[in-house]
Amino acid sequence: MTAASLLQALFPNIDDWGELGQACADTLLMLGGSLALTVLLGLPLGVLLYLTGKGQLRAMPRLYAVLALAVNVLRSVPFIILMIVLMPVTYALVGTRLGIRGAIPPLVIGAAPFFARLVETALREVKPGVIEAAQAMGASTWQIVRGVLLPEARAGIAAGITVTAIALVGYTAMGGAIGSGGLGDLAYRYGYLSYKSDYMVVTVALLIVLVQLLQTIGDRVVARLSRH
Amino acid sequence: MIRFIDVHKSYRVDGREIPALQPLSLDIADGEVFGVIGHSGAGKSTLIRLVNLLERPSGGQVLVDGVNMTALDQAALRRQRQRIGMIFQHFNLLDSQTVADNVAFPLRLAGERDAGTIRARVDELLARVGLQAHAGKYPSQLSGGQKQRVGIARALANRPSILLCDEATSALDPQTTASVLQLLAEINRELKLTIVLITHEMDVVRRVCDRVAVLDAGRVVEAGPVADVFLHPRHPTTRRFVDEALPEEAATAQAPFARVPGRLLRLSFRGEATWTPALGRVMRETGVDFNILAGRIDRIKELPYGQLTVALQGANADHALAVLRTAGIDVEELAR
């Protein structure tokens, strides 16, 4: 029996493996694109949350309260609802509500506040004495951020990126339900709406592999960064 | 020179002002090692942080080399801080950076970009603290004493005129403490660096300081040359610190001598007097007898000193005391 006929026997409803491959690629693209933008947006936001927090270098209670509220609001809306609510914003930003492009804005807006909190937590782990030492050396706040906070917290930030990437895998799958494509779309349309449960099995298996892979890579990076 | 003029500091806690330092005035001369000793909570870490304005005074002036620190804007304050090195009890090194990068950090902060210049200066600094072989290691691979040496190299990087030591040896074992203090004394001598150190150990003060201030509940209760304060403590807090540094002396406090006949005296020798056979001479010349009950001969920084508790017997006692005093020995009669 050839490999193709084995697959045919195991998953009789999957007639187009190319479509499945395309869905995989779409999911990876959505994940990569949204993760990059999430880090780009969430990292400065996390630093800002940290710096303006109570008793910190640039404590600004009002600004902190506003930021924290915005972050909490975005984090408390379930992603699938956030995606629907954000549709006009998405359309204004990228000109479509569908496909990979349409998925990226809600993914980033959903994940960046979450990642920002993880960054804030990682920065709070940096020993205050090290920051004081940098101040005593005449470092500016920006120099402390670049030279002390980010390097000292890099393992924690890498762990935060891993957790965020895995959360984004879940979000992209949810996005499939409202037209963003990818593995979630296949699972929903074929596996759920058309009762082709073998689609469900394969997509779930692929998602598990993806999450495992992300966690393993993330753990390795964290281990390397904390080895000193 | 560091000058405190009527400096005081209080913290606002739950809307109430909690005083940390009572108004104090203090001059620390160029090139001296100035110690501040006090128990935890006495205000000494606040005091040392007033020098580089890590803590802002609630009132009064802090002058460093004639510059009024509190009047500086942020940029000028940062430049001034680069001229003031600081080391810490827990070293406060960057764990994510190598020894060499830790030492290079203040150079980069000060705007040095040339990799060759940085490397040369780092090598020179690591050689000074005896860590050339460890440049590529991370702090977690070093012992406590080595970490503090990295801290010292880092503090010296921008050629400061002042070095602040915040309990720099409190986390170290006695042997490592001795070697770090020796390094500080060497730096003070060779670089003509002013050192301000805070500690809760009189022994640290005795080994390296020229002058000392004793801090108790936010107040300077005693200050002066270390030999004076150490040999003749006046304030009870100072006496406690001195007793801690001289355990045998404290253990043999007067009580056990109650039955010893004669007049109970404490003789303090300093400098040259330490090496003269004064007791023997006085015994021969005046015919009195000394019974040595307790004693210690040691050094205060480079100054040799001795302190003996003796019982004096004989008819000519007053004359003997006068002879001792003219020989440069400090005589205190102890109550019994």
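Residues numbered from 1 in each chain as written. Chains lettered and ligands numbered in written order. Predicted model: local features only at pLDDT ≥ 70, side-chain atom pairs only at ≥ 80, totals over all residues. Heavy atoms only, no water.

A. Local environment of the overall build of chain B. A tally of helices and strands in chain B yields twelve helices and 14 strands. In terms of overall dimensions, chain B has C-alpha extents of about 80 × 50 × 30 Å along its principal axes. Expressed as a percentage of the 336 residues in chain B, the buried residues total 52%. Relative to all contacts within chain B whose residues are 6 or more apart in sequence, the contacts with residues 24 or more apart total 70%. Carbon and sulfur atoms form 49% of the exposed surface of chain B, whose accessible area is close to 14,900 Å². Charge separation in chain B, taken as the distance between the mean sites of 41 positive and 39 negative side-chain charges, equals 3 Å. (Helix = DSSP H or I, 4+ residues; strand = E, 2+ residues; numbered from the N terminus. Buried < 20%, exposed > 50% of the residue type's maximum accessible area, 1.4 Å probe, protein only. Contact = heavy atoms within 4.5 Å. Areas by Shrake-Rupley, 256 points an atom, 1.4 Å probe, with all protein chains shown as cover. Lys, Arg positive; Asp, Glu negative; His and termini not counted. Charge placed at Lys NZ, Arg CZ, Asp CG, Glu CD.)

B. A look at the packing of aromatic side chains. Residues and elements named next belong to chain A. Summed over all chains, the structure comprises five aromatic pairs over all chains. An angle of 70° between the planes, with centres 6.0 Å apart, marks the rings of phenylalanine 11 and tryptophan 17 as edge-to-face. A ring pair is formed by tyrosine 190 and tyrosine 199, whose centres lie 4.6 Å apart and whose planes are at 50°; its orientation type is tilted. Between arginine 189 and the ring centre of tyrosine 190, over which it is positioned, the NZ or CZ distance is 5.1 Å. (Phe/Tyr/Trp six-rings, centres within 6.5 Å; stacked < 30°, edge-to-face > 60°. Lys NZ or Arg CZ within 6 Å of the ring centre and 35° of its normal.)

C. Representation of the confidence of the model for chain B. Residue and element names in this part refer to chain B. In the predicted model, chain B carries a mean pLDDT of 92, and the fraction of residues at 70 or more is 97%. Predicted confidence in chain B is weakest over helix H10 (residues 247-251), with a mean pLDDT of 56, and strongest over strand S7 (residues 162-166), with 98. Under the prediction, the complex receives an ipTM of 0.87, its pTM being 0.88. (pLDDT = per-residue confidence, 0-100.)

D. Looking closely at the interface of chain B and chain A. Opposite the 21 residues of chain B that make contact, chain A presents 19 residues. Interface of chain B and chain A: buried area, both sides summed, is about 1,800 Å²; carbon and sulfur atoms make up 58% of it. Applying the counting rule to chain B against chain A returns two salt bridges. Two residues, lysine 127 of chain A and aspartate 95 of chain B, come together in a salt bridge whose shortest N-O distance is 3.1 Å. In this assembly, chain B and chain A are joined by eight residue pairs in polar contact (both at pLDDT 80 or more). Counting residues per element, the ones that place at least two in the side of chain B that touches chain A are helix H2 (74-81), strand S6 (84-88) and helix H3 (99-109) of chain B. (Buried area = accessible area lost by both parts, 1.4 Å probe. Salt bridge = Lys/Arg side-chain N within 4 Å of Asp/Glu carboxyl O. Polar contact = N/O pair within 3.5 Å; in protein donor to acceptor, adjacent residues only side chain to side chain.)

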